[in-house]
Amino acid sequence: MRSIPEMNEADVLIVGAGPVGLTLAIDLAWRGIDVTIVETRARAAPPEPKCNHVAARTMEIFRRLGFAEAVRNAGLPADYPHDISYRTSFTGQELTRIKIPCRRDRFTATDGPDCNWPTPEPPHRINQIFLEPILFEYAAAQPRIRIVSRTSVEDVMVEDSSATVGLRDLESGMARRVTCRYLIGCDGARSIVRKAIGAELSGNAIIQRVQSSYIRAPGLIDRQQHANAWGTGAINPRRSGMVYAIDGRERWLVHNYMKPGETEFEAVDRDACLRTILGVEADFKYDIISKEDWYGRRLIANRFRDRCAFIAGDASHIWVPYAGYGMNAGIADAMNLSWLLAAHLNGWAPASILDAYEAERWPITSQVSRFAMSHAEAEIRRRGAVPDEIEDAGAAGELARAEVGRFAYEINVQQYACAGLNFGTYYDRSPIIAYDGAEPPAYTMNSYSPSTVPGCRTPHLWCDGGVSLYDVIGPEFTLLRFDPAADVAGLEAAARKRGLPLKVLEVARPATAICDGSGLVLSRPDQHVAWRGGRPPSDPLALIDHVRGVVK
């Protein structure tokens with residue numbers, strides 16, 4: 001670690017060493033850019049136990065950067081089911097179960113709703129307290145990354161070609177000003193960078209309130225009537241909540257969904273609510289490790305950039321954390337911004353390429369946040385309509401449990417197996433994508449259609465020998481040649497002339513219709529389609545200039 005007195009300037013300064021900031025720094029360093037990260041916490045200080053899910057798309061990114069296996073091997077025990085069980089209480093009768101394979105069976109199981117996805121990296125259930133240290137240590141080992149811990153950002157001044165940041169060492173109190181060429185705020189919901197760029201959040205301030213408790217309860221796991229599950233929803237007329245297994249032994253995160261009219265977290269009897277959700281009596285012993293109360297919101301910044309300063313992750317959008325997509329959406333922001341910044345700093349794209357960040361990410365953020373909000377509203381309606389007889393032993397109770405279980409499955413399989421949010425998002429208003437007039441396929445939270453329509457995620461394919469396309473694709477632009485007769489010499493020459501890194505990859509045409517007759521598909525550094533064609537472009541140089549952000 002380097003101290004503040006050694007810092008005078010930086011190419012890229014990232015505020016915040018959470019998963020978004022760390023992944024952004026790692027990707028920038030992978031692309032040859034020097035990065036400094038400023039973080040208020042001490043090295044190895046544990047994060048809050050927030051995000052519990054790493055999306056498949058994020059795991060694809062981690063695979064590319066070299067640490068997907070380390071992430072997958074951490075978290076719950078290898079044989080601990082990643083299922084989601086809905087019960088009358090944690091220790092009560094099961095209503096339904098969404099089957100998700102444990103990590104031991106993740107690559108062999110075929111019968112779950114998120115199995116058989118077109119990806120080399122299925123999702124992984126792991127809490128942030130295990131994920132973040134992996135990212136931190138990997139970032140700290142990179143020679144191009146400097147992490148300055150126990151340091152706060154006191155003020156920010158943004159100018160046309162640089163930003164100046166006031167830093168304070170939280171141990172010594174020493175202050176210093178640092179100049180950076182680009183500043184990125186990955187500093188969460190209270191982002192100082194967002195305030196500095198004049199961005200304002202708007203949307204739905206409070207959709208719900210959740211009294212959340214991180215507890216240690218060694219005896220809880222053995223009180224269940226049913227098999228272990230990563231997530232357990234409690235549904236009864238008195239309380240609704242979720243219980244997430246953190247370590248598969250004794251630590252749990254318990255969400256108590258507060259009722260309408262309950263507006264103050266501490267005014268609600270936390271112990272009584274916990275016991276109702278868990279289904280345990282007054283003699284059951286547990287300890288509260290921390291209180292993690294939160295508001296469900298849908299807020300989006302009206303801008304993601306001011307000149308050389310950008311915001312990403314929770315600094316730019318906050319929404320109800322359904323589908324586990326808050327952190328994952330932030331990492332998607334980071335991957336979009338990373339390659340754009342690197343393209344410019346490495347000299348093969350003009351500064352105008354950076355205009356694509358807000359043009360691409362803001363519409364996606366708005367759309368995905370509405371998916372999450374709609375799901376939250378459906379869940380809130382379900383929680384308000386739990387039949388009184390759901391815990392009864394007779395036929396009426398059995399019927400109520402069956403009906404509630406069916407409804408709970410239908411709603412929640414969408415968020416826990418959200419293929420659409422993983423793979424379906426597309427950029428349809430980008431200044432650096434060469435559109436061909438084709439409409440991208442619509443997607444929902446849980447469904448999508450692979451496509452090479454420009455703006456879509458480059459479809460994943462298994463190549464000869466069972467090799468993932470994503471393992472052989474280039475780090476920058478890759479021209480996928482499905483038609484071996486297509487002459488690509490002109491495109492290669494145009495890329496060389498402009499200095500744009502381009503790999504040409506021969507790929508067998510898939511049996512499905514995802515290519516839509518295109519013999520050539522140009523995949524961007526972030527694995528989204530930049531252009532496609534049945535034949536080479538008539539003006540290769542114009543295409544290369546378009547995708548690298550030249551404004552004419």
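Shown above is the structure to which this text applies.
Not measured: the values here are computed from a predicted model. (Residues numbered from 1 in each chain as written. Predicted model: local features only at pLDDT ≥ 70, side-chain atom pairs only at ≥ 80, totals over all residues. Heavy atoms only, no water.)

**Student:** Which residues make up the packing of helix H2 (residues 56–65) against helix H7 (residues 325–345), and what are the values?
**Tutor:** It is the contact of H2 with H7, at a shortest axis distance of 9 Å, that shows an interaxial angle of 45°. In this view, H2 runs oblique relative to H7, as classed from their interaxial angle. Helix-helix and strand crossings are classified by hand; for H2 and H7 the assignment is left-handed. Counting all contacts with H2, which are made through Thr58, Ile61 and Phe62, the residues of H7 involved are Asn328, Ile331 and Met335. Here the contact of H2 with H7 is composed, by residue class, of 4 nonpolar, 2 polar and no charged. (Axes fitted to C-alpha atoms, helices over the stretch in contact; angles between N-to-C directions. Helix = DSSP H or I, 4+ residues; strand = E, 2+ residues; numbered from the N terminus. Parallel < 35°, antiparallel > 145°, perpendicular 65-115°, else oblique. Left-handed = near helix turned anticlockwise from the far one by under 90°. Contact = heavy atoms within 4.5 Å. Nonpolar A, V, L, I, M, F, W, Y, C, P; charged D, E, K, R; others polar.)

**Student:** Outline empty space enclosed by the protein, supporting the account with residue identities and numerical values.
**Tutor:** Enumeration according to the criterion identifies 4 cavities of 30 Å³ or more in this entry. A volume near 300 Å³ is recorded for the largest cavity. Lining the largest cavity are 26 residues; nearest its centre among them are Arg57, Ile61, Ala332, Met335 and His528. Of all elements in the fold, only H2, H7, helix H8 (355–383) and helix H10 (419–424) reach the threshold of two or more residues within the lining of the largest cavity. Here the element with the most residues in the lining of the largest cavity is H7; it accounts for 5 residues. Residues that form the lining of the largest cavity fall into these classes: 12 nonpolar, 6 polar and 8 charged. Its boundaries defined by the atoms lining it, the second largest cavity holds a volume of some 90 Å³. Lining the second largest cavity are 14 residues; nearest its centre among them are Phe423, Gly424, Tyr448, Ser449 and Cys456. (1 Å grid on protein atoms, 1.4 Å probe; cavity = no way out; pocket = protein on both sides within 12 Å on 5 of 7 lines; lining within 4 Å. Points joined across faces, edges and corners; volume = space filled by probe spheres on them.)

**Student:** Tell me what's going on with unusual backbone geometry, and back it up with residues and numbers.
**Tutor:** Despite not being glycine, alanine 44 has its phi angle at roughly 75°, a positive value. Positionally, alanine 44 belongs in the loop between strand S2 (35–38) and strand S3 (53–54). In this structure, arginine 150 takes a positive phi of about 50° despite not being glycine. Following the sequence through the fold, arginine 150 ends up in the loop between strand S7 (145–148) and strand S8 (151–158).

**Student:** Give a description of the layout of surface pockets that names residues and reports values.
**Tutor:** Approximately 420 Å³ is the volume found for the second largest pocket. Surrounding the second largest pocket, 22 residues form its lining, Tyr257, Met258, Lys259, Pro260 and Arg383 being those nearest its centre. At the level of elements, strand S11 (201–216) and H8 are the ones that each hand at least two residues to the lining of the second largest pocket. Of the residues belonging to the lining of the second largest pocket, the class tally is 10 nonpolar, 6 polar and 6 charged.

**Student:** Tell me what's going on with the pattern of salt bridges, and back it up with residues and numbers.
**Tutor:** The full count for this structure, using the stated rule, is 42 salt bridges. In this structure, glutamate 171 and arginine 150 form a salt bridge, with 2.8 Å as the shortest nitrogen-oxygen distance. You can see glutamate 171 sitting in the loop between strand S9 (163–169) and strand S10 (175–185) and its partner arginine 150 sitting in the loop between S7 and S8, a full 21 residues away along the chain. A single network of salt bridges, built from pairs that share partners, joins Arg63, Arg72, Glu121 and Asp471. (Salt bridge = Lys/Arg side-chain N within 4 Å of Asp/Glu carboxyl O.)

**Student:** Can you break down the sheet that holds strand S23 (residues 502–506) residue by residue, with the values?
**Tutor:** Ordered in space as S23-S22-S24-S25, the 4 strands form an open sheet in which the pairing is mixed. The open sheet terminates on both sides in strands that have one partner only, identified here as S23 and strand S25 (529–533). Taking the axes of each pair of neighbouring strands and ignoring which way they run, one obtains an average angle of 15° across the sheet. Two strands pair when backbone bridges link them, and strand S24 (residues 520–523) and S25 are joined in this way by 4 bridges, in the antiparallel orientation. Each bridged residue has a counterpart across the sheet, and for serine 523 the counterpart in S25 is valine 529. (Pairing = 2+ DSSP bridges.)

**Student:** Mind laying out H7, listing which residues take part and the relevant values?
**Tutor:** The end-to-end C-alpha distance of H7, which contains 21 residues, comes to 30 Å, matching closely the 30 Å that a straight helix rising 1.5 Å per residue would cover. When you tally the buried positions in H7, you get 19 out of 21 residues, the bulk of the element. (Expected span 1.5 Å × (residues − 1). Buried < 20%, exposed > 50% of the residue type's maximum accessible area, 1.4 Å probe, protein only.)

**Student:** An account of the packing of aromatic side chains is requested, with residue identities and associated values reported.
**Tutor:** Taken as a whole, this structure holds 14 aromatic pairs when the rule is applied. Measuring from centroid to centroid gives 5.7 Å for tryptophan 230 and tyrosine 416, while their planes differ by 90°, and the two rings are edge-to-face. In this pair, tryptophan 230 sits in the loop between S11 and strand S12 (231–235) while tyrosine 416 sits in helix H9 (residues 395–416), placing the two residues 186 residues apart along the sequence. Neither tryptophan 230 nor tyrosine 416 differs from the other in exposure class; each is buried. Aromatic rings pair up to connect Tyr182, Phe304, Phe310 and Tyr357 into one cluster. Here the basic side chain of arginine 125 rests over the ring of tryptophan 230, its NZ or CZ set 4.9 Å away from the ring centre. (Phe/Tyr/Trp six-rings, centres within 6.5 Å; stacked < 30°, edge-to-face > 60°. Lys NZ or Arg CZ within 6 Å of the ring centre and 35° of its normal.)

**Student:** So, the packing of helix H1 (residues 19–30) against helix H4 (residues 128–140): which residues are in play, and what are the values?
**Tutor:** When two helices pack together, you describe them by how their axes are tilted relative to each other and by the distance separating the axes. Between H1 and H4, the shortest axis-to-axis distance is 10 Å and the interhelical angle comes to 30°. Comparing the axis directions of H1 and H4 gives the class roughly parallel. The chirality of how H1 crosses H4 is left-handed. Between H1 and H4, the contacting residues are Pro19, Leu22, Thr23 and Ile26 on the first element and Gln128, Glu132, Leu135, Phe136, Tyr138 and Ala139 on the second. Looking at side-chain class alone, the contact of H1 with H4 contains 7 nonpolar, 2 polar and 1 charged residues.

**Student:** Provide a residue-level description of the side chain of serine 152, including the pertinent values.
**Tutor:** Relative to the elements of secondary structure, serine 152 occurs in strand S8. A polar side-chain atom of serine 152 sits 2.5 Å from a polar atom in the side chain of glutamate 154. Apart from residues lying up to four places away in sequence, serine 152 is in contact with Thr40, Gly166, Leu167, Arg168 and Leu170. (Polar contact = N/O pair within 3.5 Å; in protein donor to acceptor, adjacent residues only side chain to side chain.)

**Student:** Residues and numbers for H4, please.
**Tutor:** An ideal rise of 1.5 Å per residue puts 18 Å on 13 residues; H4 measures up with 18 Å between its terminal C-alpha atoms. Among all positions of H4, only Gln128, Ile129, Leu131, Glu132, Ile134, Leu135, Phe136 and Ala139 are buried. Of the residues that open H4, the one with a side-chain oxygen 3.0 Å from the backbone nitrogen of isoleucine 129 is asparagine 127.

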